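# Residue-level structural notes
The lines below spell out each chain.
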Amino acid sequence: MKHETDHNIEVMRAEKEWQRAGAYYVRIHGMNRQHGISLREEFDIHDGDGTRYIVLLDDGYPIATCRFYELDQNSVVLGRVVVLPRYRGRGLGCRTVLEAQQWIKESGYSKIVIESRISAVEFYSKLGFVKVDDKVVKSGSFDCVRMEKVL
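What comes next is a walk through the structure. Residue positions are given per chain, counted from 1 along the sequence in the order it is written. Two thresholds apply to this predicted model, a pLDDT of at least 70 for residue-level local features and 80 or more for giving and counting side-chain atom pairs, whereas whole-chain, interface and lining totals are computed over all residues. By convention in this description, side-chain values take in all heavy atoms of the structure and omit both hydrogens and water.

### Here's the deal with the pairing of strand E4 (residues 75–83)
With respect to burial, E4 is a largely interior element, eight of its nine residues being buried. Strands qualify as paired when DSSP identifies two bridges or more between them. Secondary structure is summarised from DSSP: a helix means a run of H or I of at least four residues, a strand means a run of E of at least two, and numbering begins at the N terminus for each. Alignment of strand E3 (residues 61–72) against E4, held across seven bridges, turns out to be antiparallel. Bridged to Glu70 within E4 is Val76. Between the end of E3 and the start of E4, which pair antiparallel, lie two residues. When accessible area is computed with a 1.4 Å probe and restricted to protein chains, residues below 20% of their type maximum are described as buried, those above 50% as exposed, and intermediate ones as partly exposed.

### Brief notes about unusual backbone geometry
One non-glycine residue with positive phi stands out, namely Asp59, at about 50°. Position of Asp59 relative to the elements: it lies in the loop between strand E2 (52–58) and E3. Taking relative accessible area as the criterion, Asp59 reaches 62% and is therefore assigned exposed. Positive phi, normally seen in glycine, also occurs at Arg80, with a value near 50°. Tracing the chain through its elements places Arg80 in strand E4.

### Quick word on helix H3 (residues 92–106)
Expected span of a helix, by definition, is 1.5 Å for each gap between consecutive residues, and there is one gap fewer than residues. The end-to-end C-alpha distance of H3 is 21 Å, a good match for the 21 Å that 15 residues give at a rise of 1.5 Å each. Those residues of H3 that fall on the buried side of the exposure criterion are Leu92, Gly93, Thr96, Val97, Ala100, Gln101, Trp103 and Ile104. After H3 finishes, the residue Gly108 shows a positive phi value of roughly 95°.

### Describing the packing of aromatic side chains
Aromatic ring pairs are described here by two measures, namely the spacing of the ring centres and the angle between the planes. Between rings of Phe, Tyr and Trp, where Trp is taken as its six-membered ring, a pair exists when centres lie within 6.5 Å; planes separated by under 30 degrees are stacked, by over 60 edge-to-face, and by other angles tilted. Taken as a whole and assessed by the stated rule, the structure comprises five aromatic pairs. Residues Tyr24 and Tyr53 carry aromatic rings whose centres are separated by 5.8 Å and whose planes lie at 85° to one another, so their mutual orientation is edge-to-face. Placement of the pair is Tyr24 in helix H1 (residues 17–35) and Tyr53 in strand E2, with a sequence separation of 29 residues. Side by side, Tyr24 and Tyr53 carry an identical accessibility label, which is buried. Every member of this aromatic cluster is reached through a ring pair, and the members are Phe123, Tyr124 and Phe129. Any Lys NZ or Arg CZ that is within 6 Å of a ring centre and within 35 degrees of that ring's normal is treated as a charge sitting over the ring. The residue whose ring lies beneath Arg117 is Phe142, and the NZ or CZ to ring-centre distance is 4.5 Å.

### Remarks on the layout of surface pockets
Put simply, the grid is 1 Å and covers the protein atoms alone, a cavity is a trapped set of points that fit a 1.4 Å probe, a pocket is an open set with protein on both sides within 12 Å along at least five of seven lines, and lining residues have an atom within 4 Å of a point. Grid points are joined across faces, edges and corners, and a volume is the space filled by probe spheres set on the points. Roughly 1000 Å³ of volume is contained in the largest pocket. Taken together, 40 residues make up the lining of the largest pocket; nearest its centre are Met31, Arg80, Val81, Arg117 and Tyr124. Elements that contribute at least two residues to the lining of the largest pocket include exactly H1, helix H2 (39–42), E3, E4, H3, strand E5 (111–117), helix H4 (121–126) and strand E8 (142–150). In terms of residues, the lining of the largest pocket owes the most to one element, E4, which gives seven residues. Residues that form the lining of the largest pocket fall into these classes: 19 nonpolar, 11 polar and 10 charged. Classes in brief: Ala, Val, Leu, Ile, Met, Phe, Trp, Tyr, Cys and Pro nonpolar; Asp, Glu, Lys and Arg charged; the others, Gly included, polar.

Structural data, given as structure tokens:
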């Protein structure tokens, strides 16, 4: 379903600090505030230089994000997929992941790894990710399983 503001959505490939601020904003409002996740838990050693971020903007306002970083020469870890609550249900999470996937492919990687929250497994399955096994790992307060997608 198209929404009145969907035509205004811009995709930013964020690598510079001022661009990453948009990703951080979405994560603070979409995870830190909503789920009570501390800043220390939300932001880790993978945030900063070397990590790439997709930020979706609605008339310049950051509304969705994800990040990825290199795992090895062929693989990246994709995570921190967040859409601001009032923008959910519009397919923007899917768009964010697909934009990241395109950038990952252009960068020469052949596999994406995700530690998916149990509640998001169906979302990632629809995007072609497959559960590696049924082993549940804790990521903060969330139960997660490892999923992968070969590009």
